[in-house]
Amino acid sequence: MLLYLLIAVVLIAVVLSTRARGGPPGVLTKCRGCRHARKLFPDGTLCGFGKREVFKNEVHVGNCVDRSPR
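Residues numbered from 1 in each chain as written. Predicted model: local features only at pLDDT ≥ 70, side-chain atom pairs only at ≥ 80, totals over all residues. Heavy atoms only, no water.

K.L.:
Quick one: what's the story with the environment of R38, residue by residue and with numbers?
P.N.:
With respect to the element layout, R38 can be found in strand β1 (residues 37–41). Taking the C-alpha atoms as reference points, R38 and F49, 11 residues apart in sequence, are found 9.6 Å from one another. Ignoring anything within four residues of it in the chain, the contact list for R38 reads L46, C47, G48, F49, G50 and E53. (Helix = DSSP H or I, 4+ residues; strand = E, 2+ residues; numbered from the N terminus. Contact = heavy atoms within 4.5 Å.)

Shown next as structure tokens:
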């Protein structure tokens with residue numbers, strides 16, 4: 001019983017620490033702090049520049065020079 005409780009606590013700690021860091025590495029992590037990011041998706045992000053919105057996939061985000069911190 002104690003072993004199951006210990007495993008549950010470790011799993012919860014791992015999940016919470018991963019969410020606090022912004023999730024798994026990749027496109028979401030790079031875009032999370034960008035002021036142009038409007039909505040994040042598993043395969044890319046919706047970026048907003050004024051009234052114009054552009055979807056950028058992982059390749060576009062990897063080459064992105066428009067990243068501006070919030």
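K.L.:
Talk me through the side chain of T45; I want residue IDs and the actual numbers.
P.N.:
Structurally, T45 is set in strand β2 (residues 44–49). A distance of 3.1 Å separates the side chain of T45 from the backbone oxygen of K39, its partner in a polar contact. When sequence neighbours within four positions are dropped, the list of residues in contact with T45 reads C31, A37, K39, L40, V54, F55, K56 and V61. (Polar contact = N/O pair within 3.5 Å; in protein donor to acceptor, adjacent residues only side chain to side chain.)

K.L.:
So, the pattern of salt bridges: which residues are in play, and what are the values?
P.N.:
All chains considered together, the criterion is met by one salt bridge. E53 serves as the salt-bridge partner of R38, at 3.4 Å between the closest nitrogen and oxygen. Of this pair, R38 sits in strand β1 while E53 sits in strand β3 (residues 52–57), and the two are 15 residues apart along the sequence. (Salt bridge = Lys/Arg side-chain N within 4 Å of Asp/Glu carboxyl O.)

K.L.:
Quick rundown of the packing of aromatic side chains? Include the residues and the values.
P.N.:
Under the defined criterion, the tally for this structure stands at one aromatic pair. Relative to F55, the ring of F41 lies with its centre 6.0 Å away and its plane at 55°, an arrangement referred to as tilted. With F41 in strand β1 and F55 in strand β3, this pair connects stretches of sequence that are 14 residues apart. For F41, a relative accessible area of 28% puts it in the partly exposed group. Owing to a relative accessible area of 39%, F55 belongs among the partly exposed residues under this scheme. (Phe/Tyr/Trp six-rings, centres within 6.5 Å; stacked < 30°, edge-to-face > 60°. Buried < 20%, exposed > 50% of the residue type's maximum accessible area, 1.4 Å probe, protein only.)

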